[in-house]
Amino acid sequence: MMGWNDGSWGAGDWLAMSLMMVLFWGGVVALVVWLVRRSRTEPTAAGSGSRPTSTGPDEVLAERFARGEIDEDEFSRRRELLHSGGRGGTSSGGASR
């Protein structure tokens, strides 16, 4: 059996080896792509589910200002109200103006 084709490779051998290399490296690339996609989708899915509970009022206010929903005066007024202590700060904030 060792003496077939004088130890040289035929066209079929090269074709089989090339096909196996393509399948091997294709599998490696597919595995890496799958792992990257899996790692990216899980934290964002978990992050979006926990986002409303972890987003603070300052972040929501900053996002609304960035989107243009409120102007600078409204942003400043609401931020002062948040940092003055909420309901208790409403009366003191109104009295100081």
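Further up the page is the structure itself.
Residues numbered from 1 in each chain as written. Predicted model: local features only at pLDDT ≥ 70, side-chain atom pairs only at ≥ 80, totals over all residues. Heavy atoms only, no water.

1. Thoughts on helix 3 (residues 72–83)
Given a rise of 1.5 Å per residue, 12 residues ought to cover 16 Å, and the 16 Å separating the end C-alpha atoms of helix 3 matches this to within 8%. In the stretch just after helix 3, Gly85 is the one whose phi turns positive, near 110°. (Helix = DSSP H or I, 4+ residues; strand = E, 2+ residues; numbered from the N terminus. Expected span 1.5 Å × (residues − 1).)

2. A closer look at a nonpolar patch on the surface
Side chains of Trp9, Trp14, Met17, Met21, Phe24 and Trp25 sit close together on the surface and give an oily, nonpolar patch of about 680 Å² of accessible area. Relative to the helices and strands, Phe24 resides in helix 1 (residues 11–54). (Patch = residues over 30% accessible without salt bridge, like charges linked within 9 Å, V, L, I, M, F, W, Y side chains within 5 Å. Areas by Shrake-Rupley, 256 points an atom, 1.4 Å probe, with all protein chains shown as cover. Salt bridge = Lys/Arg side-chain N within 4 Å of Asp/Glu carboxyl O.)

3. Quick notes on the pattern of salt bridges
For the coordinates displayed, the defined rule picks out 5 salt bridges. The salt bridge involving Arg77 is made with Glu74; its shortest N-O contact spans 2.6 Å. A residue pair is termed a helical-turn pair when its members lie 3 or 4 positions apart in one helix, as Arg77 and Glu74 do in helix 3 at 3 residues. Arg77 gets classed as partly exposed once you look at its relative accessible area, which sits at 40%. One salt bridge in this structure joins Glu74 and Arg78, with 2.4 Å as the shortest N-O distance. Highlighted residues: Glu74 and Arg78, both in helix 3, separated by 4 residues, approximately one helical turn. Residue classification places Arg78 among the partly exposed residues on the basis of a relative accessible area of 32%. What emerges from the salt-bridge pattern is a single network uniting Glu63, Arg64, Arg67 and Glu69. (Buried < 20%, exposed > 50% of the residue type's maximum accessible area, 1.4 Å probe, protein only.)

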